[in-house]
Amino acid sequence: MSLFSRQRRTNGDVQIVVFQYVAALAALWLLAGFWQLQVQSPEVYERRAERNRVKSQPLLAPRGKILDREGRILVDNRPNFKVLMSGAEARQQHLALIAEGLNIPYERLEAQLRRLRASEAPGYRAVILKENLTPGHVAFVEAHKAELQELELLRSQNRLYPMDGLASHLIGYVGEINDRELEQVEFVLAEPGAEVGKAGVERQYNSTLTGSDGSRVVVVDSRGRERGFLRSSAARPGSDVHLTIDLDLQVVGELAMQGRKGAVVALDPRNGEILALVSSPNYFPDKFVGGISLHDWRQLTGNPDKPLLNRAIQAQLAPGSVFKPVVAVAAIESGVIDTDFTVECQGGASFYGHYFRCHKRDGHGKVNLYQALVHSCDVYFYTVGNKLGIDRIAEFAERVGFGRPTGVDLPHEKEGVVPSTSWKLRHFREKWYAGETISVVIGQGALTVTPLQVAYAIGGLVSGGVWYQPRLVSTAHRKAVRDDYEPPAPRIVRLNKESIDAVVEGLWGVVNAGGTGIRARLAGYDVCGKTGTAQLVSNRPTRPTSDRDLRDNAWFVGFAPCRNPEIVVVALFEHGEHGHLAAPIVRDVLKAYFDKQQRVPGNARQAYRDAASPTDLAASRSSRESLP
């Protein structure tokens, strides 16, 4: 064999060997891929294959309605369009076009896609990208249907809220769930992009209002066109929530507070049902539907009047003289005074080296408990409070419901402050000075309450020491949703009937015998009440009263009938200056309540007819007019 022939053979052998090695490596690579595909992680590739042929079309469940106690609709739904995005089909290069066409910030869109891909949901699942689509948005999706196969139009229902923000703080609003909420227990079943309650009843009863979405799973081709049907599950609508709110009383309260800052609360002390809950200024929940704009959000959060603050349960303010009935009962129950105890009011009195003025500069003269309540004599209560001491005042204030949440079925209720020696030591590491008690006893100083707490405390006190937890959904309707629901038992404090009667007589005189609350008087009805003026700055003549935000807060609490009350109404008029200016607000709500009672036969008005008449109370009052 020639040298040339041997060279050719050697080269051929090398090529064969190289080929064999390449073939062996290729076989090993294919085997490794096969092992990974079939043994190591088959579910990953099954999902990838499924994305190419299976598509889930969500069937959105309508959210439950919110109704008042008579079944009138407060919050409804309206048909609309939403656009969904499929994580399996989404393309990074399409995000800029989608962001521009649907007017969505690019960063938000990118973050939403990232969350969707990071979730463990099947690849064919989609999330809501935008709600409340305009005709232009719908046209954009339709025009780019072939190009943007990750988008899908879906007919849905959006929240329809009352006009002008009626009952906005009570109802709340809905919005897209955020990352922080996804980690909370109450939203454990929610998925990214879901619509959940953010405030008010919408949040408190979110699980009740939220239904279960259904789905329709179909087979599609590479262009996303439907080729076959696999399965479907029907959507389950959310349950309606029936509130204890009376829409008529709510509207009256809202109208009375127009142009004012403050709150109105109407409560039935016989069962704790809230009949009206107003906070002013309000806001428009419909701005949150489909996502609130950055401009609107900044306007709300930057508004110095704080329209998002639910003043009925979150405004923690000094109550002023509406606290005096609590002090009066505490003093009698403690044996510090009796109903005939008198004080000489000369326009002020000195305690612990400081002179405390009465609101009436020339004094009230000699007054007993009845007269002190009717004319809201500060000197009388300075003296009584000094005898009681701060710890006994605090103990009784907490017994009637101050200094703790009432437990109302609304989120983020505030508890207020009831000061005491231990409270000051715990929070300020300082001792309590006896002179500080003088301010607290007339509802000033460190004492703060919410309007709902005032309605709850006074309502239970004048009802004989029985406090029902305030609620917005009745026991009957809660049981309709949850069979095992058991309402909390009322809180009962044993009080002497004589001490309560003595205070109620004084509160009757406040309205009906020339007292500070005469503007709450209602012809033909037995109304009792108490005014309160809570100072924000010193009452010295140099006080800058021209500054509206430094004017005193005005309070009024009224209830009727005076015996066995059916309704308690509290009005807080921030910077209203004088308590008697809040009295007409309460009167208007009470009038609306009793006007309705007269139009409905066979109702609770019988309880009123059986109660003591105004002449009975007048006779009782006259027996206490003469001083010993």
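Residues numbered from 1 in each chain as written. Predicted model: local features only at pLDDT ≥ 70, side-chain atom pairs only at ≥ 80, totals over all residues. Heavy atoms only, no water.

Caption draft 1: Here's a closer look at the packing of aromatic side chains. Tallying each qualifying case throughout the model produces 13 aromatic pairs. With a centroid separation of 6.1 Å and 80 degrees between ring planes, the pair formed by tyrosine 283 and phenylalanine 288 is classed as edge-to-face. The residues tyrosine 283 and phenylalanine 288 share a single accessibility class, namely buried. Clustering of aromatic rings is evident, with ring pairs tying together Tyr173, Tyr283, Phe288 and Trp297. Positioned over the ring face of phenylalanine 573 is arginine 260, at 4.7 Å from the centre of the ring. (Phe/Tyr/Trp six-rings, centres within 6.5 Å; stacked < 30°, edge-to-face > 60°. Buried < 20%, exposed > 50% of the residue type's maximum accessible area, 1.4 Å probe, protein only. Lys NZ or Arg CZ within 6 Å of the ring centre and 35° of its normal.)

Caption draft 2: Quick peek at the packing of helix α10 (residues 247-256) against helix α22 (residues 583-599). Two elements in contact, α10 and α22, have axes separated by 9 Å at closest approach and are oriented at 160 degrees. It follows that α10 is roughly antiparallel to α22 by the angle criterion. Judged by the twist between their axes, the crossing of α10 over α22 is right-handed. From α10, Asp248, Leu249, Val252, Gly253 and Ala256 reach across to α22, where they touch Ile585, Asp588, Val589, Ala592, Tyr593 and Lys596. Among the residues making up the contact of α10 with α22, the classes are represented as seven nonpolar, one polar and three charged. (Axes fitted to C-alpha atoms, helices over the stretch in contact; angles between N-to-C directions. Helix = DSSP H or I, 4+ residues; strand = E, 2+ residues; numbered from the N terminus. Parallel < 35°, antiparallel > 145°, perpendicular 65-115°, else oblique. Left-handed = near helix turned anticlockwise from the far one by under 90°. Contact = heavy atoms within 4.5 Å. Nonpolar A, V, L, I, M, F, W, Y, C, P; charged D, E, K, R; others polar.)

Caption draft 3: Structural context of the pairing of strand β20 (residues 553-560). Of all eight residues making up β20, eight are buried, and the element is well covered by its neighbours. Burial along β20 is two-sided: the residues Asn553, Trp555, Val557 and Phe559 and Ala554, Phe556, Gly558 and Ala560 are all buried. Here strand β19 (residues 528-534) runs beside β20; their pairing, made up of seven bridges, is antiparallel. The residue of β20 that forms the bridge with lysine 530 is valine 557. For β20 and strand β21 (residues 567-573), the ladder comprises seven bridges, and the chain directions are antiparallel. Residue pairing for β21: phenylalanine 559 is matched across the bridge by valine 568. As consecutive antiparallel partners, β20 and β21 are separated by six residues, and within that stretch asparagine 564 has a phi angle of approximately 55 degrees, a positive value. (Pairing = 2+ DSSP bridges.)

Caption draft 4: Fine view of unusual backbone geometry. For the bond running from serine 280 to proline 281, omega is 5 degrees, close enough to zero to count as cis. Here proline 281 is to be found in the loop between β12 (274-280) and α11 (294-302). The linkage connecting alanine 560 with the following residue, proline 561, adopts the cis geometry, with an omega of -15 degrees. In this structure, proline 561 sits in the loop between β20 and β21. We note that tyrosine 352 has phi near 55 degrees; this positive angle belongs to a residue other than glycine. Within the secondary structure, tyrosine 352 sits in the loop between β14 (348-351) and β15 (354-357). With a phi angle near 65 degrees, histidine 412 is a residue other than glycine that sits in the positive phi range.

Caption draft 5: Structural view of the side chain of aspartate 378. As for its position among the elements, aspartate 378 is in helix α15 (residues 378-388). The buried category is assigned to aspartate 378, whose relative accessible area is 8%. Excluding its chain neighbours within four sequence positions, the residues that come into contact with aspartate 378 are Ser321, Lys324, Arg357, Cys358, His359 and Ile442.

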